[in-house]
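So the chains spell out like this:
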Amino acid sequence: MHLFYSPFHSFVHKVLVTAHEAGLWDQITFVPTYPFKNRKGEDQGDKYSIAEINPLNKVPTLATETGQVIFGSQSIVEYLDNRSVSGRHLYPAAGEKRWDALTRLALADMMFETTVQMVMEGWHPQDQQRIGLFKWIWPKIMRGLDRLEKSCARGFDGFDIGQAAMLHAISYMDFRIRFYSAKDPLYPEFDCFGGRPNLKTWFDQACQRPSVLNHHNKDFAGDDSAEFCQKNVQEVLQLQKQHGTI
Ligand SMILES: N[C@@H](CCC(=O)N[C@@H](CS)C(=O)NCC(=O)O)C(=O)O
């Protein structure tokens, strides 16, 4: 399999966590893809475009051994979990626990995506930033964190896909300040753990899972050139021709 993704390991990637939990790590070729900026913060233009295989040109994007392309991180994690060879699964059986895990997955993913929106808004000069966007997003994130604090206080019955997404969203909040030096017009000193002790305890414990330690805060060591990315896009297109997939 080929996984096109942003190799910023200073936050936790739910797709990487799921791949590792499923025992599929060694079956994946990791293809660094920078839709915006590389690890040095340099704009990348279209050099890393994967539009030939994903019309949305977004990461993460997974291609299977037959060249079937799966995108939307929620589709990817479900696919990987289905192929689990470790015996571990992150999706509880149908019932309350499953709906709870899926709801936390949706909540955390939306918190992540809206945080990305704020980061991107912050790339505009300060006098051109839309303050309304921040005012619209922040209450959702605050209430979302409060809801997750309650979930953590109640505790979990094992590690699930909702928690993988929570790790992703929460760790990104810190990353946006450290990497992008995002200066938030409303909450410049925001600490998502402030007043949320259960969330903090859960986060610190979950970060000790091998599936997190495996990549978190470890620099990506392989090839992250645009040439490597494009070579792998071509490999996927070749697989599609070979297998008649789209
Ligand atoms: N809903 C998508 C969101 C993916 C997404 O927005 N990825 C961003 C990077 S964080 C991206 O590739 N953006 C490039 C673009 O929109 O052109 C998912 O969960 O996979």
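Residues numbered from 1 in each chain as written. Predicted model: local features only at pLDDT ≥ 70, side-chain atom pairs only at ≥ 80, totals over all residues. Heavy atoms only, no water.

### Observations concerning the nonpolar core
The tendency in soluble globular proteins is for nonpolar side chains to be buried as a group. Quick note on the threshold: The nonpolar core is taken to be a set of buried Ala, Val, Leu, Ile, Met, Phe, Trp, Tyr and Cys residues, with the residues joined through side-chain atoms within 4.5 Å. Categorising residues by exposure relies on relative accessible area from a 1.4 Å probe, with only protein chains included: less than 20% of the type maximum marks a residue as buried, more than 50% marks it as exposed, and the intermediate range marks it as partly exposed. Residue ranges for the domains originate in an automatic or database domain assignment. Here a residue-residue contact requires only that any non-hydrogen atoms of the pair lie within 4.5 Å.
Core analysis: the largest hydrophobic core is formed by 71 residues, its most contacted members being L145, L167 and W202. When residues of this core are assigned to domains, at least three map to each of domain 1 (2–88 + 218–243) and domain 2 (96–213). Those residues in contact with W202, other than ones at most four positions away along the chain, are C152, F156, Q163, M166, L167 and I170.

### Some points on the domain arrangement of the chain
To keep things clear, this is the line we draw: When two parts are put together, the accessible area they lose, computed with a 1.4 Å probe and summed over both, is reported as buried area. Just to be clear on terms, a salt bridge is a Lys or Arg side-chain nitrogen sitting within 4 Å of an Asp or Glu carboxyl oxygen. What qualifies as a polar contact is a pair of N or O atoms within 3.5 Å, subject to a donor-acceptor requirement within protein and to the restriction that residues adjacent in sequence count only when both atoms come from side chains.
We note that the domain assignment places domain 1 (2–88 + 218–243) and domain 2 (96–213) within the chain. A separation of 22 Å is found between the C-alpha centroids of domain 1 and domain 2. Contacts between the two partners involve 20 residues from domain 1, matched on the other side by 23 residues from domain 2. Summed over both sides, the interface of domain 1 with domain 2 buries roughly 1,800 Å², with 67% coming from carbon and sulfur. The largest share of the area that domain 1 buries against domain 2 comes from F11, V12 and K14, three residues that together contribute 33% of it. The tally of links from domain 1 across to domain 2 stands at two salt bridges. Residues K14 and D109 are paired through a salt bridge, measuring 3.0 Å at the closest nitrogen-oxygen approach. If you look at where domain 1 meets domain 2, you find seven residue pairs in polar contact (both at pLDDT 80 or more).

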